[in-house]
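Examining the three-dimensional arrangement
What follows is the residue order along each chain.
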Amino acid sequence: MLIGHQPKDFLLSVEGLTVSFDGFKAVNDLSFYVEENEIRVIIGPNGAGKTTVLDLICGKTKATSGAIHFRDKDLTKMKENQIVQAGVGRKFQNPSIYDDLTVFENLEISYPRGRTVFGALTFTRDSVVRDRVHEVAEMIFLKDKLNMSAELLSHGQKQWLEIGMLLIQDPELLMLDEPVRGMSVSERIKTGELLNTIIKNRSVLVIEHDMKFVEDIAHKVTVLHQGQILSEGTMEAVKNDPKVVEVYLGH
Ligand code: ADP
Ligand code: MG
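What comes next concerns the included structure. (Residues numbered from 1 in each chain as written. Chains lettered and ligands numbered in written order. Predicted model: local features only at pLDDT ≥ 70, side-chain atom pairs only at ≥ 80, totals over all residues. Heavy atoms only, no water.)

**Re the packing of helix 3 (residues 103-110) against helix 5 (residues 155-167)**
Two numbers describe how helix 3 lies on helix 5: the axes approach to 8 Å, and their chain directions differ by 30 degrees. With respect to helix 5, the axis of helix 3 lies roughly parallel. Crossing hand, helix 3 versus helix 5: right-handed. Each of Val-103, Asn-106, Leu-107 and Ser-110 in helix 3 lies in contact with helix 5, whose residues at this interface are Leu-161, Gly-164 and Met-165. (Axes fitted to C-alpha atoms, helices over the stretch in contact; angles between N-to-C directions. Helix = DSSP H or I, 4+ residues; strand = E, 2+ residues; numbered from the N terminus. Parallel < 35°, antiparallel > 145°, perpendicular 65-115°, else oblique. Left-handed = near helix turned anticlockwise from the far one by under 90°. Contact = heavy atoms within 4.5 Å.)

What follows is the structure, given as structure tokens:
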């Protein structure tokens, strides 16, 4: 617990979170707090529980105990689709884009249904959606590729498209599991720029192994080991922590 702070002071407050798979605690009494407009990176060895933490936040896995507050809502009591509607977007390790659709169509179908800004006028809605698709396409470096079939994109461009499909829903918390895996150096740099642009309106929770990338983007780093926090702080502090060097960075 943080003395003097209330969970509602943070965008996301994870407190005493535990999940047990047949008695094995993949996440064990974990607490951490993410602020608004923060890029938080979770690092740690394979099997540390990183992906499970994202699964718990997005409701894919149910917690055994503990609380996950997203502002004033306890996500542990909500279903996956309610969590998405509350403003949490999550990207999985493998892109789930529609290969046979164009970039434009992939973004268009991800625009939240039922969000009718100007009533029932289809004509008006179409132009609102089109403008938003163009805006997001520019952010994800694909504005020249709108009419291209998604299957023709490079691996990195596919990753950006999937981030765009989440951004078009305007989540307040965006969670990304190893977003730069398999990307070229220049794609990694652009992804860092993208994350820095999008946190103006939201927070980002990223799992990543590429330490150069983590160093470039992280405001704060949480190091997980055996479902618990091994160390937490700035990248500088964490990478000089002997415990972190021993279990993770030294390998
Ligand atoms: P990381 O992403 O840090 O590599 P994971 O969160 O994927 O680690 O996994 C943490 C541990 O929990 C691993 O030992 C994994 O085998 C186990 N685990 C993850 N999900 C499940 C599940 N649904 N059922 C049983 N064990 C699981
Ligand atoms: Mg993982």
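**Remarks on the layout of surface pockets**
Taken as a whole, the largest pocket holds about 360 Å³ of empty space. If you go around the largest pocket, you meet 18 residues; those closest to its centre are Val-84, Arg-90, Phe-92, Leu-166 and Gln-169. For the lining of the largest pocket, the secondary structure elements donating two or more residues are helix 2 (80-86), strand 6 (88-91), helix 3 and helix 5. (1 Å grid on protein atoms, 1.4 Å probe; cavity = no way out; pocket = protein on both sides within 12 Å on 5 of 7 lines; lining within 4 Å. Points joined across faces, edges and corners; volume = space filled by probe spheres on them.)

**What to know about the pattern of salt bridges**
In total, this model carries 16 salt bridges according to the counting rule given. Linking Arg-40 and Glu-38 is a salt bridge whose minimum nitrogen-to-oxygen distance equals 2.7 Å. Residues Arg-40 and Glu-38 agree in their burial class; the two are buried. The salt bridge partner of Arg-188 is Asp-210, with a shortest N-O separation of 2.2 Å. Here Arg-188, found in helix 6 (residues 185-198), pairs with Asp-210, found in the loop between strand 8 (203-207) and helix 7 (211-217); they are 22 residues apart in sequence, far enough to count as distant. Exposure remark for Arg-188: the relative accessible area of 23% places this residue in the partly exposed category. Here the salt bridges do not stand alone but share partners, grouping Glu-36, Arg-71 and Glu-172 into one network. (Salt bridge = Lys/Arg side-chain N within 4 Å of Asp/Glu carboxyl O. Buried < 20%, exposed > 50% of the residue type's maximum accessible area, 1.4 Å probe, protein only.)

**Digging into the side chain of Asp-210**
The exposure class assigned to Asp-210 is buried, which follows from its relative accessible area of 15%. Within polar-contact distance, the side chain of Asp-210 engages the side chain of Arg-188 at 2.2 Å. Discounting chain neighbours no more than four positions away, the residues touching Asp-210 are Val-180 and Arg-188. (Polar contact = N/O pair within 3.5 Å; in protein donor to acceptor, adjacent residues only side chain to side chain.)

**Topic: the site of ligand 1**
Within the structure, ligand 1 sits among Phe-21, Phe-24, Ala-26, Pro-45, Asn-46, Gly-47, Ala-48, Gly-49, Lys-50, Thr-51 and Thr-52. Within the backbone of Gly-47, an N or O atom sits 2.7 Å from an oxygen atom of ligand 1. Thr-51 is positioned such that a nitrogen or oxygen atom in its side chain is 2.9 Å from an oxygen atom of ligand 1. In isolation ligand 1 offers 560 Å² of accessible surface; the protein chains occlude 57% of this area. Those elements that place two or more of their residues in the shell around ligand 1 are strand 2 (24-34) and helix 1 (50-57). Grouping the amino acids of the shell around ligand 1 by side-chain chemistry returns 5 nonpolar, 5 polar and 1 charged. (Near = heavy atom within 4 Å. Areas by Shrake-Rupley, 256 points an atom, 1.4 Å probe, with all protein chains shown as cover. Nonpolar A, V, L, I, M, F, W, Y, C, P; charged D, E, K, R; others polar.)

**Description of the pairing of strand 1 (residues 12-21)**
Burial of strand 1 is extensive: 8 of the 10 residues sit out of reach of the surface. As judged from the 7 bridges shared by strand 1 and strand 2, these two strands associate in the antiparallel manner. By the bridge assignment for strand 2, Leu-12 is matched with Val-34. The antiparallel hairpin formed by strand 1 and strand 2 contains 2 residues in its connecting segment, where Asp-22 sits at a positive phi of about 50 degrees. (Pairing = 2+ DSSP bridges.)

**A short note on the nonpolar core**
Here is a general trend for soluble globular proteins: nonpolar side chains tend to be buried in one another's company. Membership of the largest hydrophobic core comes to 46 residues, with the highest contact counts inside it found for Ile-43, Leu-107, Ile-140, Leu-161 and Leu-195. Of the residues forming this core, the biggest block, 6 residues, is contributed by helix 5. Leaving out residues up to four positions away in the same chain, Leu-195 has contacts with Ile-39, Leu-176, Val-204, Val-206, Phe-213 and Ile-217. (Core = buried A, V, L, I, M, F, W, Y, C linked by side-chain atoms within 4.5 Å.)

**Digging into the side chain of Arg-90**
If you trace the backbone, Arg-90 turns up in strand 6. Looking at Arg-90, its side chain comes within polar contact range of the side chain of Asp-55, at 2.8 Å.

**What to know about the sheet that holds strand 3 (residues 39-43)**
On the basis of which strands lie adjacent, the open sheet formed by 6 strands has the order 6-7-8-3-9-10 and mixed pairing. What marks the edges here is a single partner per strand, and that holds for strand 6 and strand 10 (228-233). The average angle at which neighbouring strand axes cross in this sheet is 15 degrees, direction not considered. Relative to strand 9 (residues 220-225), strand 3 runs parallel, the two sharing 4 bridges. Counted as the bridge partner of Ile-43 is Val-223 from strand 9. The strands touched by helix 1 are strand 3, strand 6, strand 7 (173-177), strand 8 and strand 9; relative to strand 7, the strand with the most contacts, the crossing angle is about 145 degrees.

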